[in-house]
Amino acid sequence: MTTLAPSSQTVITFTLNGNAVQANEGESILQAAQRHGVDIPHLCYKDGLRADGNCRACVVEIAGERTLAPSCCRSVTAGMQVQAHSERAVKSQKLVLELLLSDMPDQGYKWNDGERGLAGQHGELSDWAARLNVSVRPQLKALRREQPRADVSHPAMAVNLDACIQCTRCVRACREVQVNDVIGYAHRGAHSAIVFDLQDPMGNSTCVACGECVQVCPTGALMPKTLIGSQRVDKVVDSVCPFCGVGCLLSYKVRDNKIVAVDGRDGPANHSRLCVKGRFGFDYAHHPHRLTQPLIRRADVPKDTTVTRDPADWASVFRVATWDEALNLVGGQLQQLRDAFGPKSLAGFGSAKGSNEEAYLFQKLVRTGFGSNNVDHCTRLCHASSVAALLEGVGSGAVSNQVSDVDHAELILVIGSNTAGNHPVAATWMKNAAKRGLKIVTADPRGTDLDKQAWRTLQFKADTDVALINAMIHTIIEEGLTDPAFIAARVSNFEAVREGVRAFSPEAMAPVCGIPAARIREVARAYAKAKAAMIFWGMGISQHVHGTDNVRSLIALCMVAGQIGKPGSGLHPLRGQNNVQGASDAGLIPMMFPNYQRVTDKAAHDWFEKFWGAKLDDQPGYTVVEIMRKALSDESDPHKVRGMYIMGENPAMSDPDLNHSRRALASLSHLVVQDIFMTETAWLADVVLPATAWPEKTGTVSNTDRMVQLGRQAIEPPGNAKPDLWIIQQIAQRMGLTWNYGEMDAAAPGRPKQGTAPSGGSAVREVASVGAMVAVVYEEMRQAMHTAIGGIRWARLQREGSVTYPCLSAADPGQATMFADHFPTSDGRAHLVPTLLIQADEKPDADYPLVLITGRQLEHWHTGSMTRRSQVLDALEPVATASVNGRELERLGVPAGTLVNLRSRRGAVTVRLRCDDGTPDGTVFMPFVYREAAANLLTNAALDPIGKIPEFKYCAVCMTPINE
C-alpha cells in the first residue's frame, strides 16, 4: 500500500518496513515514518530543533549498509529500503534505552511530560522503555555513576543533572532557537556535562529564563520548579500570552483551579517559543492582593495623592459593597454629572491588557452613554505618534509586514527598540535570520542586547532621530539609489522631501547625531540596495515631542527606496502590550471610531449613529494627558472633566509628571476603577470594581502582526470578581442604555438583542454564558470593522485560533503582506511629509545636567501591577535601579549599588545605581515599573502636537548620592 506525502514538493518513493511509501524531498527517515504512523524511539530529536543524532535510540537498518543509521538525521533517498523494526534495529534501540535508563536516579523528576500524558518517572525515556518493554539488568545498575548534586539556584528552574542523558536538546534550544548562548556541553568522556556559561550555577549565569530548555528536556533534568514532584493537571487550556504585543500562543496547565505551569504552543507568531514573562509570569492571577468584592470609599476618608499604601490594607480607605450597591452608585453618579455638566464632563480610559470585545464595548459605552469621544488608552503613551504618521502616510495604522518576514529580508533596521528585552520572542526570529545571513542594523541611544547579532550599530545621541534618518534619505537620493519607478507610480510629495533633506547630508548631521558620515552612508546604501529590507521601531522613536516626525522620516526612508509591498520589506512598529493593536482597531481612541474611521467624517459618523442607534458626538475627544489637564481646569471651564471610568489602566503610574496626574485623579467628583488589584490609581477611586485576569476570560486579542487570536478561559475568578464585559454592560444599563448582550437577535444575526434593561435593582441577571456574550459582542464588532475582519467569524476563530487581517471573506487566509499594489489613502499613493530638526521640550542645563530615558525591562511589564506580583519575575528583578555607565560612576565617585536621589523639575525618586556601559555619557536609564521609585514622577508631560503623546524618552535630571 502506498501512502501519499501531503506536499506539493518533490516526492520520493522508498520502502519502509516492507511497504512502499512516499516522502518529501529532504525529509528524514524519522519524519517520514512518523507521518506514516510508524513509531521509532527517539530522545535527542524534537520537532523545531536541528537533528543531532547523538542518542542513537532512533537507529534503523538500511538495506546494503553495514552500520545502523540514525533516522532523525538521515534523509530519505529514492528506492531506499528501511527496516525500523528489524531484529537488529530493535535490539540496538532497546540497548540504548537500557543503558540510559540504568544511569537514571531512583527519584524521577518528570512523571508526566505534559504533551501526551506519558507515565513514568523519567519522562520520554521511561515512556519509550515501557513501549519497547525495556527493563534494566541489575549488573548495569551497579555501574551507575556518582549522582551530580541538584542546582536549585534559579528562582524558576531546577537543574537535576543526575537525570541528564546528554541529548543536547537544551543546548540547541538555547543556542540555536533562542540564541541566548548560555547552555553549553563541556569536558570529555565520563566527565562531559551540560554547563551554564563557565560552569556557573544556573541562578548566577546569564540565563534570561526563557524556559526553552525545560520545555524540550525529555527527562526532567531541567524542570520548572512548580512541577517538581507531580505533573498532574486537571486540564490544559489553550490561550494567548497576556504580556507584550508579539502574541505568543501558549497552554495553561491547571490543577485545582490554579495555573501550575505554562507551555509554548505552536502559534504563527512564536512556534512554541516563550520568554520569561510568558512562561513563568502566570501566578499573578493567584496573588493574595486580588480584588474579590466591590469596594466603596469610606465617607470618613477624603482623597489624597498617597498611592503607595499597602494593597492588603484596603479597609483603611474602602468598605465592602454588594454589586447592586456599587453599580447603582456608579451609574447614578456618572449619569448625574453628565446631565448636570454635559457629556464632555465624563471620560473613560480603557485597557490594552484586555480583549478586543472589552475594548469595543467600553468605547461604545463612552460614546453612546457618556455622550462624547473622551475615550483613550495606553496607545496614547506608546505608539500614538506612529499611528498618526502611518494613517497620514500610508492610510493604515498597523504593520505592513509580520515579524517572521525577516526570513525574506536581506537587511533590517531596528531603531528605538530594545527588541530582545521588550519583544524577546520576536527578537529570536531576528537572531535566527542573522545566523542565516540577515544584516541587522541597530540604532538607539543605548546599547541593546540585539547589538551582538548586528552587522552595524548606530548609537546616536538622544533626541537626534530625524537627523540620522534624514541623513540616510539624503544619501539615497544624492547617490541615485532611489526606486524611481516605485516613486513615480505610488508616492506623492517626493520633491518636497528631496528639497527638505538637502541640508541633512551625513557630513552635516554627523556632529549632530554622533554617527560618522561614512557609517551613515554605508548603512543607507545597504538599505537601499537590499532586495528586501524592513524597518522595526519601538517607543524610542514614538515617545518624543517630535515622535510623529520621527515616523514620518522612517516612512519617507522606506518609500524613496521602494522597500514596501513585498515579502521581507516594509514598516513595523513593535506594539508594547498584548492588545494595544486590537484596542486601537476597536476604536479605543478619541478621534476614531472602530477601524480608524474618523469621528469627523460625516459618512462614518452617520453609519455608526445608525448602527448603534444613538446620537454621537462629531468632534474628537480629549486624549489621556489632555483629560488630566481638564480634570484640573477651572470650575468655569464648560468642558472640565469631573467623572471618569478607568478599566485596567493605571495612569497614577503610567502618565508623565505623576504628581500632576495624581492630583488630577484625586480632584474628580467621581472616579470608578475596574481592575484586578488595588493599583496606585485605585487608591484614588470612589468605587473599585473587581474584574477578571486574562486567564479567567475568553476573548480575542490582536497582536503586532495583525493576527486576531483567541484566548480561552482557564480558571475561575476569585471571590465575587466578575467578567469585565459583564461589568461594562451593567454600567451601561444603569446609565439608561438598553443593552442585552446575553443572547443573539435572530432578526439581525451578529447584533445584540435589544430590550428593556433594568435601571437598577438586581444586578444582576447573569448572562447564561459569558462565552456566548463574548461571541455576540465579537460579531457586532466584526460588522463595525468589516473591511478589516469581515471574514473572521467567531466560529472560524474557535476553529483556527489565529487569523491575520485584513481578511474579507471566509475563504480569505488573511493578508500577511500589505500594500502590494496600492495604499488605502484617498488616491492610493503614499503621502510623504518633509521633517525638520525639532529639539526636545526640555534640555539639560547646569542644574539638571543629565538626560533621563525611561523604558521597559525584560522581566517586568507596564506598571508592574501584574509582573511584580509574580514570584519568579519579582525574584529576578526585585529592586528599582537607574543605569549609568562606568564613566558616570567615576565622575560621581561612587560604586554601583549606591543609593541616589534622582530629581527633575517635577519630582524626585530614590533609587540604586546599576552600571550599564551601553548607557551613553550624560544619560540615565530607568524602568518605569517600580511604584516605590516611579520614573514618571520625573518625566515631562510635553506633547507631540500631532500624536498627542508625551515625551517620556527625554527630560533633564540631576543625581545626588545619599549617605546610608
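Residues numbered from 1 in each chain as written. Predicted model: local features only at pLDDT ≥ 70, side-chain atom pairs only at ≥ 80, totals over all residues. Heavy atoms only, no water.

A.B. asks: Help me get a handle on helix α10 (residues 384-394), residues and values and all.
C.D. replies: Burial runs high along α10: ten of the eleven residues are buried. Of the residues making up α10, those classed as buried are A384, S385, S386, V387, A388, A389, L390, L391, G393 and V394. (Buried < 20%, exposed > 50% of the residue type's maximum accessible area, 1.4 Å probe, protein only. Helix = DSSP H or I, 4+ residues; strand = E, 2+ residues; numbered from the N terminus.)

A.B. asks: I'd like a description of the packing of helix α8 (residues 323-341) against helix α25 (residues 724-734), backed by residues and values.
C.D. replies: α25 packs onto α8 with a crossing angle of 55° between their chain directions and a minimal axis gap of 8 Å. As summarised for this structure, α8 and α25 are arranged oblique, according to the angle between their axes. As for how α8 packs across α25, the hand of that crossing is right-handed. Counting all contacts with α8, which are made through W323, D324, L327, N328, V330, G331 and Q335, the residues of α25 involved are W726, I727, Q730, I731 and R734. The class makeup of the residues in the contact of α8 with α25 is six nonpolar, four polar and two charged. (Axes fitted to C-alpha atoms, helices over the stretch in contact; angles between N-to-C directions. Parallel < 35°, antiparallel > 145°, perpendicular 65-115°, else oblique. Left-handed = near helix turned anticlockwise from the far one by under 90°. Contact = heavy atoms within 4.5 Å. Nonpolar A, V, L, I, M, F, W, Y, C, P; charged D, E, K, R; others polar.)

A.B. asks: Help me get a handle on the sheet that holds strand β4 (residues 69-70), residues and values and all.
C.D. replies: With respect to topology, five strands assemble into an open sheet ordered β2-β1-β5-β3-β4, the strand pairing being mixed. Whereas interior strands pair on both sides, the edge strands pair on one side only; in this sheet they are β2 (19-24) and β4. Note: strand β3 (residues 59-62) against β4, two bridges, orientation antiparallel. Counterpart to V59 in the pairing with β4 is P70. Sheet strands in contact with helix α2 (residues 87-102) are β3 and β5 (81-83), and its direction is about 160° off that of β3. (Pairing = 2+ DSSP bridges.)

A.B. asks: Account for the nonpolar core, naming residues and giving values.
C.D. replies: Within soluble globular proteins, side chains that are nonpolar tend to cluster in buried spots. Within the largest apolar cluster, 63 residues are counted, with the highest numbers of intra-cluster contacts made by L365, Y645, L689, I727, I731, I789 and I792. Looking at this core, the element that brings in the most residues is helix α26 (residues 770-784), giving eight residues. When residues no more than four places from it in sequence are discounted, the contact partners of I731 are L327, V330, L365, Y645 and L689. M509, A524, F823 and A830 belong to the second largest nonpolar core, which has 57 residues in total. (Core = buried A, V, L, I, M, F, W, Y, C linked by side-chain atoms within 4.5 Å.)

A.B. asks: Now, about unusual backbone geometry: what can you tell me, with residues and values included?
C.D. replies: A cis amide bond links Y805 to the next residue, P806, at an omega of 0°. Structurally, the position occupied by P806 is in the loop between β30 (802-804) and β31 (830-831). Even without being a glycine, R56 presents a positive backbone phi close to 65°. Tracing the sequence through the fold places R56 in the loop between α1 (29-35) and β3.

A.B. asks: How would you explain the pattern of salt bridges if you had to name every residue and give the values?
C.D. replies: Following the criterion strictly, the structure yields 58 salt bridges and no others. Among the ionic pairs, R380 bridges to D376, the shortest N-O distance being 2.7 Å. Each of the two residues, R380 as well as D376, counts as buried. Among the salt bridges present, the one from E478 reaches R521, with a minimum N-O distance of 2.8 Å. Here E478, found in helix α13 (residues 465-478), pairs with R521, found in helix α17 (residues 517-529); they are 43 residues apart in sequence, far enough to count as distant. Residue E478 is classed as partly exposed on the basis of its relative accessible area of 48%. Each of E478, E479, E507, R521 and R525 takes part in one network of salt bridges that share partners. (Salt bridge = Lys/Arg side-chain N within 4 Å of Asp/Glu carboxyl O.)

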